[in-house]
Amino acid sequence: MNSGYPIVRPRRMRSSLKLSGLIKETTLDPSKFIMPYFVIHGNSLKEPIMTMPDQFRYSIDKLLEELKSVIDMGIGGILLFGIPKHKDELGSESYSPDGIIQQTLRAIKDVYSDLLVVTDVCLCDYTSHGHCGIVDENGYVKNDETLEYLAKIAVSYAKAGADIIAPSDMMDGRVKKIRESLDDEGLVNTPIMAYSSKYASCFYEPFRDAADCLPKFGNRKSYQMDFSNSDEAILEVGLDLDEGADIVMVKPALSYLDIIYKLKQTFKRPLAVYNVSGEYSMIKAASKLGYLKEDAAVIEMFTSFKRAGADIIISYYSLHAAKILG
Ligand code: PBG
């Protein structure tokens, strides 16, 4: 006999506003966000990046001002990219004690000693040819020789105050080499966040303008992963964890949610995702044109990273998202 109640209860009863907070499966927390910054030599500079509206290249003094809001919003940390004064074949400013990143690290640590600072370790911003490694006379990247340089950069950053070292070059064996070099220098407590599953992606295009690191010849497909592959991501992450990575990363994020999910399910280790420049700029551009509601798009996108399995979100929208969550 029918009790008089509908067999299927109206959906609105189950999704009342009060209840929705309790049963929400995924929540966002700014302390798990990382905000990237580009730093340049000079004073009082805040240069707009044409391909990434509302993002800037900061001189150190201006960056320090900007970091006040990062701290106020409770953002988990920042990721630094340096733009050198001088580029050469060996990317020598990257490991110079007076390089742009080393100077920035010392300045930040003087003022904000508690702020977590991650430094990207790669040669491409610093080399005259724009590749992520040392190149031979035929234009091939020399993997093993590059490792020596990456280790030098990592040690130099850690000595200048970096809290986490993040190699983004994708050379084979770099995590092991960097770990050994840090340990040899007594920097045993400096963790490595490896860009383990880094795809050769069109979504890095705006970054290459921001950091002025477009390769002068060839492309990065010989050392970054083919976006058609997913088992390869498991292999790369497994290797980096074996070599001593503390946190592993998937990059880009939006078109790679399946990879994030698979890696989290497989390894159950700290996982970061990098919501890259092109992903930022497409939402920014659509929002500026009035095609999308920016805040809604940002929160939905960030939530999808978390839902897929990301622990840490690196995004040019980190500060914006933290303000929305307020
Ligand atoms: C350096 C590096 C790149 C990015 C982060 N680190 C460029 C690249 O690999 O081509 C891209 C970040 C972004 O697009 O936001 N190797």
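On a predicted model such as this, the values are computed, not experimentally measured, just so you know.

If you trace the backbone, Y199 turns up in the loop between β7 (193–198) and α7 (205–210). Taking the relative accessible area as the measure of exposure, Y199 reaches 0% and is therefore buried. Along the sequence, Y199 and V250 sit 51 residues apart, while their C-alpha atoms lie 8.3 Å from each other. Excluding residues that lie within four positions of it along the chain, Y199 makes contacts with Y204, Q224, M225, D226, F227, N229, S230, A233, K251, P252, Y256 and I259. Of the polar contacts made by the side chain of Y199, one reaches the backbone oxygen of N229; its length is 2.7 Å.

Attention shifts here to helix α8 (residues 231–243). Compared with the 18 Å implied by 1.5 Å per residue over 13 residues, the 19 Å span of α8 between its first and last C-alpha is a close match. Looking at α8, one finds that the buried residues are A233, E236, V237, G238, D240 and L241. In this structure, the buried side of α8 is in contact with α6 (174–184), β7, β8 (247–251) and α9 (257–267). Trailing α8 by a residue or two, G244 shows a phi angle of about 115 degrees, which is positive.

Scanning all chains against the criterion turns up 16 salt bridges. The salt bridge involving D169 is made with R174; its shortest N-O contact spans 3.3 Å. Note on D169: relative accessible area 0%, which makes it buried. Exposure remark for R174: the relative accessible area of 2% places this residue in the buried category. Put simply, D231 and K262 hold a salt bridge, and the shortest N to O gap is 3.3 Å. You can see D231 sitting in helix α8 and its partner K262 sitting in helix α9, a full 31 residues away along the chain.

Okay, the environment of L263 next. Along the chain, L263 turns up in helix α9. Those residues in contact with L263 that lie beyond four places of it in its chain are S197, A233, I234, V237, V250, K268 and L271.

Quick look at the side chain of D169 now. Here D169 is to be found in the loop between β6 (164–167) and α6. One polar contact links the side chain of D169 to the main-chain amide nitrogen of M171, over a distance of 2.7 Å. Of the polar contacts made by the side chain of D169, one reaches the side chain of R174; its length is 3.3 Å. Those residues in contact with D169 that sit more than four places away from it in its chain are V121, C122, C132, L150, R174 and Y223.

The rules behind these values
- Residue indices begin from 1 for each chain and proceed along its sequence in written order.
- Local features in this predicted model are restricted to residues of pLDDT 70 or higher, and side-chain atom pairs are both shown and tallied only at a pLDDT of 80 or more, whereas totals for entire chains, interfaces and linings draw on every residue.
- Hydrogens and water are ignored here; the side-chain numbers use all heavy atoms of the structure.
- Helix and strand definitions here come from DSSP, where helices need a minimum of 4 consecutive H or I residues and strands a minimum of 2 consecutive E residues; each element is numbered from the N-terminal end.
- Exposure is judged per residue with a 1.4 Å probe applied to protein chains only, and the accessible area is read against the type maximum: over 50% gives exposed, under 20% gives buried, and values in between give partly exposed.
- It only takes one pair of heavy atoms within 4.5 Å for two residues to be counted as in contact.
- Counting of polar contacts relies on pairs of N or O atoms within 3.5 Å, with two restrictions inside protein: one atom must be capable of donating a hydrogen and the other of accepting it, and residues adjacent in sequence are counted only when both atoms are side-chain atoms.
- The span you would expect from a helix comes to 1.5 Å times its residue count less one.
- Only one rule defines a salt bridge in this text: a Lys or Arg side-chain nitrogen within 4 Å of an Asp or Glu carboxyl oxygen.

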